[in-house]
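Residue-level listing of the chains:
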Amino acid sequence: MQDSDSKISLLQSQFVETNFRKILNIIAISFFLLLVVVLLVFGYTPQNDTEGYIQLARTCLAAHQPYPCMEVIAGQPFIWNIGQINLIALSLWLFGSVVPVLWLMCIMKAATLWLVGHIGRHFFGAAAGVCAALLYMLYPNNWGQSTMLLSEIPMVCLGLLAIFLVLRTHSLAVVFLAGIIMAVANWFRPVAMVYAGSLFLYYIIFRRQDFVRRMLPMLAGYLLAVVAIGTSCYMRTGYFVYQSETLWFNMSEAIYETSSEPHYDSEMFPKGTPRYIEDMASKTCFECDSIWRERSLAWLKAHPADYMKKIPERMAWLMYNDIDNVVAFKADKSNAADNNITLPYRSILTQISSLSGIQMLALAAMACYFVLLVLAAVGIIRLCRRRRWADLFLPLFIVAGGALAIVIAVHGEPRFKAPLMPFLFMLAAAATGSLQKTNEMKLTNRKN
């Protein structure tokens, strides 16, 4: 009986390996259609950030310049996510609407699933790649994200594309292109540096013989794109800017906050705190940034231990739930400030019968998130037992190292871990079924 089960399992694995691309394409197309249905039925989901993006995009269109332009540098606190604001501006200019961007978000979200499957296959085999893609599609918090205009989807999609190209190609030109794509991902949201740094460590530790061939062309492409983006901004503003500049804005709050809990509705510039700047409206965002940097560094130099004590609590707030995108299914989403969901965690058992429909969906999403974490933990243990250190390193380092980098730099808001989530799905998939790589994957790894 055991031999019979082994033969069936082997045949199933061989079927998945042989038909991997077809299976993954079907899953990705199915997911895209699901996202389109969600968008058509539930419509656009405004968020505080995205309303700000649209306002800045309109200001730049009125000035007939890309973002950032001088009109949004003077009197503004910081440079926001440049790529997303310019994408919105382009859509408004071409179509007079942000709806085309929402369709693009659906495409990029489905492409992210496709990349999760392929990268999962590279490290853990075809069966795990398919499993990672299926988990990604069935995960409730992934269904509503593409109804929003936030910057996470393009950043994650482009970052994963760059990783996929570096891992899977032997062409210097393609690796160079991957560097450009990674810089564009960083242009949308600077967390892409977590991906680039993790790739760098992966090759220097486990693929040292191919480090120069992979990392140098990628670095060259990355730097070329940074120079092109920054020079373009310098020519119209006099400032070399190639990514958002919000670090010291966030840090200045982090040094005085008494709780690491996300402050969604708190005052942005409370008087008497390091965040408050007298006559800020007359200053440029770069002057504000310089003031916040000076104040933050002075405080950090004097209180390094106090700041480090906040890290564990921030990590807990970063990881404790993953339900932000469920808000897409709310009946009334007209007020961006109200588009968030809270659950009575401490009394959930006694209040479960009084939860609203959207809260029940959020609770189901929360349960799926916990299952995902458990599966990821099992996958990590399984890979450790098999001593698959090279295969485990990149996904695990991006999740663990990326989470740590985020909470050191900013507060621990659950949405901020979106760039880490694709790799949680890969690790979770490693907990199920076969981890056997195809001959193609083995050959690729030997060449690497």
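Residues numbered from 1 in each chain as written. Predicted model: local features only at pLDDT ≥ 70, side-chain atom pairs only at ≥ 80, totals over all residues. Heavy atoms only, no water.

1. Comments concerning the overall build of the chain
To be explicit about the condition: Where helices and strands are cited, they refer to DSSP runs of H or I of at least four residues and of E of at least two residues respectively, numbered from the N terminus. With C-alpha atoms as the basis for the radius of gyration, the globule rule is written as 2.2 Å multiplied by the number of residues raised to the power 0.38. Throughout, exposure labels follow a simple rule: accessible area from a 1.4 Å probe, protein chains only, divided by the maximum for the residue type, with under 20% read as buried, over 50% as exposed, and the rest as partly exposed. Any pair of residues with heavy atoms lying within 4.5 Å of one another is described as a contacting pair. Only the protein chains shown count as cover for residues, and all accessible areas are computed by the Shrake-Rupley method using a 1.4 Å probe.
Helix and strand content of the chain: 20 helices and zero strands. Taking 2.2 N^0.38 as the reference for a compact globule, 448 residues should give roughly 22 Å; the C-alpha atoms of the chain span a radius of gyration of 23 Å, in line with that estimate. The buried share of the chain, reckoned over its 448 residues, is 54%. In the chain, of all internal contacts separated by at least 6 residues, the share reaching a separation of at least 24 is 76%. For the chain, the exposed area adds up to about 20,100 Å²; of that, 65% sits on carbon and sulfur atoms.

2. Quick notes on helix H5 (residues 82-95)
Worth spelling out the cut-off: Each residue after the first adds 1.5 Å to the expected span of a helix.
Between the first and last C-alpha of H5 there are 20 Å, a value that for 14 residues agrees with the 20 Å anticipated at 1.5 Å per step. By the criterion of burial, H5 is predominantly enclosed, with 10 of the 14 residues buried. Within H5 the residues assigned to the buried category are Ile82, Gly83, Gln84, Ile85, Asn86, Leu87, Ile88, Ala89, Ser91 and Leu92. Residues of H5 that are buried make contact with helix H3 (48-62), helix H6 (99-124), helix H8 (152-168) and helix H9 (172-188). Count one or two residues on from H5 and you reach Gly96, which has phi positive near 70°.

3. A closer look at the pattern of salt bridges
Operational definition: Between Lys or Arg on one side and Asp or Glu on the other, a salt bridge is scored when a side-chain nitrogen of the former is within 4 Å of a carboxyl oxygen of the latter.
If you walk through the whole model with that rule in mind, you get nine salt bridges. Glu152 is the salt-bridge partner of Arg189, the closest N and O atoms lying 3.6 Å from each other. A residue pair is termed long-range when its members are at least 10 positions apart, and Arg189 in the loop between H9 and helix H10 (192-206) and Glu152 in helix H8 qualify at 37 residues. Arg415 serves as the salt-bridge partner of Glu152, at 2.4 Å between the closest nitrogen and oxygen. With Glu152 in helix H8 and Arg415 in the loop between helix H18 (389-409) and helix H19 (421-429), this pair connects stretches of sequence that are 263 residues apart. Under the relative-accessibility criterion, Glu152 is labelled buried at 2%. One salt-bridge network, held together by shared partners, links Asp49, Glu152, Arg189, Glu413 and Arg415.

4. Describing the side chain of Lys330
The following threshold applies: Charge counting follows a simple rule: Lys and Arg are positive, Asp and Glu are negative, and His as well as the terminal groups are ignored. Counted as a polar contact is a pair of N or O atoms within 3.5 Å, where, for protein atoms, one must be capable of donating a hydrogen and the other of accepting one, and residues adjacent in sequence contribute only when both atoms are in side chains.
With respect to the helices, strands and loops of the structure, Lys330 is situated in the loop between helix H15 (311-319) and helix H16 (348-351). Asp338 is the oppositely charged side chain nearest to the buried, salt-bridge-free Lys330, at an N-O distance of 6.0 Å. At a separation of 3.0 Å, a polar atom in the side chain of Lys330 contacts the main-chain carbonyl oxygen of Asp338. Sequence-distant contacts of Lys330, that is, excluding residues within four places in its chain, are made with Asp338, Asn339 and Ile358.

5. A few points about the packing of aromatic side chains
The condition is simple: Stacked, tilted and edge-to-face pairs are distinguished by plane angle, under 30 degrees for stacked and over 60 for edge-to-face with tilted covering the rest, among Phe, Tyr and Trp rings (Trp via its six-membered ring) whose centres lie within 6.5 Å.
Counted under the stated rule, the structure contains 26 aromatic pairs. Between Phe206 and Phe393, the aromatic rings sit 5.3 Å apart at their centres with planes inclined by 55°, giving tilted as the arrangement. Separated by 187 residues along the polypeptide, Phe206 in helix H10 and Phe393 in helix H18 bring together distant segments of the chain. You can call Phe206 partly exposed: its relative accessible area is 25%. Its relative accessible area of 16% is what places Phe393 among the buried residues. Summarising the aromatic geometry, the rings of Tyr369 and Phe370 are spaced 6.0 Å apart at their centres and angled 35° between planes, so their arrangement reads as tilted. Under the relative-accessibility criterion, Phe370 is labelled partly exposed at 42%.

6. Brief notes about the packing of helix H17 (residues 357-385) against H19
Short version of the rule: To obtain an axis, a line is fitted to C-alpha atoms, over the contacting stretch when the element is a helix, and the angle between two such axes runs from 0 to 180 degrees between their N-to-C directions. Roughly parallel refers to an angle under 35 degrees, roughly antiparallel to one over 145, roughly perpendicular to one between 65 and 115, and oblique to any angle outside these ranges. In this scheme, a crossing is called left-handed if the near helix is turned counterclockwise away from the far one by less than a right angle; it is called right-handed if the turn is clockwise. Following the grouping adopted for this structure description, the nonpolar residues are Ala, Val, Leu, Ile, Met, Phe, Trp, Tyr, Cys and Pro, the charged ones are Asp, Glu, Lys and Arg, and the polar ones are all others, Gly among them.
Running from amino to carboxyl end, H17 crosses H19 at an angle of 60°, the nearest separation of the two axes being 7 Å. The orientation of H17 with respect to H19, classified from their angle, is oblique. The handedness of the crossing between H17 and H19 comes out as left-handed. Each of Tyr369, Leu372, Leu373, Leu375, Ala376, Gly379, Ile380 and Leu383 in H17 lies in contact with H19, whose residues at this interface are Met421, Leu424, Phe425, Leu427 and Ala428. A class-by-class count of the residues in the contact of H17 with H19 yields 12 nonpolar, one polar and no charged.

7. Quick word on unusual backbone geometry
Across residues other than glycine, the phi torsion is negative in most instances, and most of the peptide bonds are trans. Each neighbour pair has its own omega, and for Tyr67 with Pro68 the value is 0°, a cis peptide bond. Tracing the backbone through its elements, the reader meets Pro68 in the loop between H3 and helix H4 (70-73).

8. As for the nonpolar core
Defined as follows: Buried Ala, Val, Leu, Ile, Met, Phe, Trp, Tyr and Cys residues form a nonpolar core when they are joined through side-chain atoms within 4.5 Å.
Counting 126 residues, the largest nonpolar core has Tyr67, Leu113, Phe124, Ile163, Met182, Tyr195 and Leu199 as the members making the most contacts within it. If you look at the next biggest cluster of nonpolar residues, it comprises 14 residues, including Met148, Leu150, Ile323 and Met366.

9. A look at the packing of H9 against helix H11 (residues 211-237)
Relative placement of two packed helices is described by the angle separating their axes and the distance separating the axes. For the pair H9 and H11, interaxial distance at closest approach is 7 Å and the crossing angle is 45°. On the basis of their axis angle, the class for H9 and H11 is oblique. Helix-helix and strand crossings are classified by hand; for H9 and H11 the assignment is right-handed. Contact residues: Leu172, Val175, Phe176, Gly179, Ile180, Met182, Ala183, Asn186 and Trp187 in H9; Arg213, Arg214, Pro217, Met218, Ala220, Gly221, Tyr222, Leu224, Ala225, Val226 and Ile229 in H11. Per-class residue counts for the contact of H9 with H11 are 15 nonpolar, three polar and two charged.

Nothing here speaks to function; it is geometry throughout.
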